[in-house]
Amino acid sequence: MQNRSVISRRRYVAAKEQQLLTLGDIAPSWDERLKQLPVSKWSLKWLKWYFDIASRETCIVGEAFGQSSAYWNECAECRTFSRQFPRHYKALSYKELERDVQRFVGHWNEKHRDVENNRRCLRWFDSFVRSDGYIRTLQ
Ligand SMILES: [Zn+2]
């Protein structure tokens, strides 16, 4: 009896883990860009991404919220992440950037899953197509 409940508990945990969102789910264009790092500093690509990562709407956090800066006044942690990412990026501290991005993804799964669930498909698709086309032009 006890064994069975341990197994079902494990199954429950495994199922829950499978549902965790990844960066690819919440900010697909940044997921693609981070995979291309390191990028040489002051290159055209580096500069463009720097402007994006430093902007509230187009940074990693902003993309997760659907190209919106609504989080700025609503979630202090997201605001902190949004401030931290461009600092790491500018300092070429890509390992620290990656580490904080993973923290942000954890925070998202904990606090903002509802945003993901409620997000309108059209909006997501629109932002994905735009960033996808944009990545292609820069490559
Ligand atoms: Zn938050």
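Fair warning: this is a prediction, and the values are worked out from it, not measured in the lab.

Participant: Help me out: how do you make sense of the packing of helix 6 (residues 76–90) against helix 7 (residues 94–111) in this one?
Facilitator: How two helices pack is summed up by the angle between their axes together with the distance between the axes. Orientation of helix 6 relative to helix 7, taken along the N-to-C sense of each, is 165°, at an axis distance of 9 Å. When the axes of helix 6 and helix 7 are compared, the pair comes out roughly antiparallel. In the packing of helix 6 onto helix 7, the handedness of the crossing is left-handed. On the side of helix 6, the interface is formed by Glu77, Phe81, Gln84, Phe85, His88 and Tyr89, while helix 7 contributes Glu96, Leu97, Asp100, Phe104 and His107. In terms of residue class, the contact of helix 6 with helix 7 is made up of five nonpolar, three polar and three charged.

Participant: In this structure, what is going on with the environment of Trp30? I would like to understand it.
Facilitator: Structurally, Trp30 is set in helix 3 (residues 28–35). When the 24 C-beta atoms within 10 Å are taken as the criterion, Trp30 is described as buried. A C-alpha to C-alpha distance of 9.1 Å links Trp30 and Ile53, two positions 23 residues apart in sequence.

Calculation criteria
- Residues numbered from 1 in each chain as written.
- Predicted model: local features only at pLDDT ≥ 70, side-chain atom pairs only at ≥ 80, totals over all residues.
- Axes fitted to C-alpha atoms, helices over the stretch in contact; angles between N-to-C directions.
- Helix = DSSP H or I, 4+ residues; strand = E, 2+ residues; numbered from the N terminus.
- Parallel < 35°, antiparallel > 145°, perpendicular 65-115°, else oblique.
- Left-handed = near helix turned anticlockwise from the far one by under 90°.
- Contact = placed C-beta atoms within 7 Å.
- Nonpolar A, V, L, I, M, F, W, Y, C, P; charged D, E, K, R; others polar.
- Buried ≥ 20, exposed ≤ 12 C-beta atoms within 10 Å, placed from the backbone.

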